[in-house]
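Take a look at the letters that make up each chain.
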Amino acid sequence: MARNRKIRIIGGVDTHGSTHHAAVILMSGWRLADQEFPATPDGYAALLQWMRSFGRLAMWESRAPALTAPDCPVTSIRPR
């Protein structure tokens with residue numbers, strides 16, 4: 001599938017102590033991709049850049065952000 005900035009996507013992140021597992025799906029629910037990232041400032045930046053490479057981030061969901069990823073920007077995104 002060609003990546004298109006007009007496509008609205010949903011991002012999901014399952015946070016852990018040393019890594020975060022992220023997934024990107026279409027608004028229809030079709031899974032596009034998933035990938036693991038380190039739970040570091042550079043890893044957070046790479047995760048967000050990776051998600052946005054698939055399209056316009058319309059929604060996001062994270063699991064256990066308060067305990068394992070308080071500084072992860074994905075846990076506080078307010079997509080436009």
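Residues numbered from 1 in each chain as written. Predicted model: local features only at pLDDT ≥ 70, side-chain atom pairs only at ≥ 80, totals over all residues. Heavy atoms only, no water.

> Give me the overall build of the protein: which residues, what numbers.
Within the protein, the secondary structure is distributed over two helices and four strands. Classification of the 80 residues of the protein by burial places 35% in the buried group. Sequence separation of 24 or more characterises 48% of the internal contacts of the protein that already satisfy a separation of 6 or more. For the protein, the accessible area works out to roughly 5100 Å², and carbon and sulfur atoms hold 54% of it. (Helix = DSSP H or I, 4+ residues; strand = E, 2+ residues; numbered from the N terminus. Buried < 20%, exposed > 50% of the residue type's maximum accessible area, 1.4 Å probe, protein only. Contact = heavy atoms within 4.5 Å. Areas by Shrake-Rupley, 256 points an atom, 1.4 Å probe, with all protein chains shown as cover.)

> Tell me about the pattern of salt bridges, and name the residues and values.
Evaluated as defined, the whole model comprises one salt bridge. A salt bridge links Asp-34 to Arg-31; the nearest nitrogen and oxygen atoms lie 2.8 Å apart. (Salt bridge = Lys/Arg side-chain N within 4 Å of Asp/Glu carboxyl O.)

> Any chance you could break down the pairing of strand 2 (residues 19-26) for me, citing the residues and the numbers?
Along any regular strand, the residues point their side chains to alternate faces of the sheet. Residue alternation in strand 2 divides its side chains into a buried set, His-20, Ala-22, Val-24 and Leu-26, and an unburied set, Thr-19, His-21, Ala-23 and Ile-25. Sheet topology note: the strand 1 (residues 8-15)/strand 2 ladder contains seven bridges and is antiparallel. Note that in strand 2 the partner of Ile-10 across the bridge is Ile-25. The hairpin formed by strand 1 and strand 2 contains three residues between the paired strands. In this structure, strand 2 lies alongside strand 3 (residues 31-38), joined through seven bridges in antiparallel fashion. What sits directly across from Ala-22, in strand 3, is Gln-35. Hairpin connection of strand 2 to strand 3: four residues between the antiparallel strands, including Gly-29 at a positive phi of 100°. (Pairing = 2+ DSSP bridges.)

> Would you mind going over the packing of aromatic side chains in detail, with residue names and values included?
Applying the stated rule across the entire model yields two aromatic pairs. With a centroid separation of 5.2 Å and an interplanar angle of 80°, the aromatic rings of Trp-50 and Phe-54 are classed as edge-to-face. Judged by its relative accessible area of 12%, Trp-50 falls in the buried class. Residue class for Phe-54 comes out buried when judged on its relative accessible area of 8%. Linked through ring pairs, Phe-37, Trp-50 and Phe-54 together constitute an aromatic cluster. (Phe/Tyr/Trp six-rings, centres within 6.5 Å; stacked < 30°, edge-to-face > 60°.)

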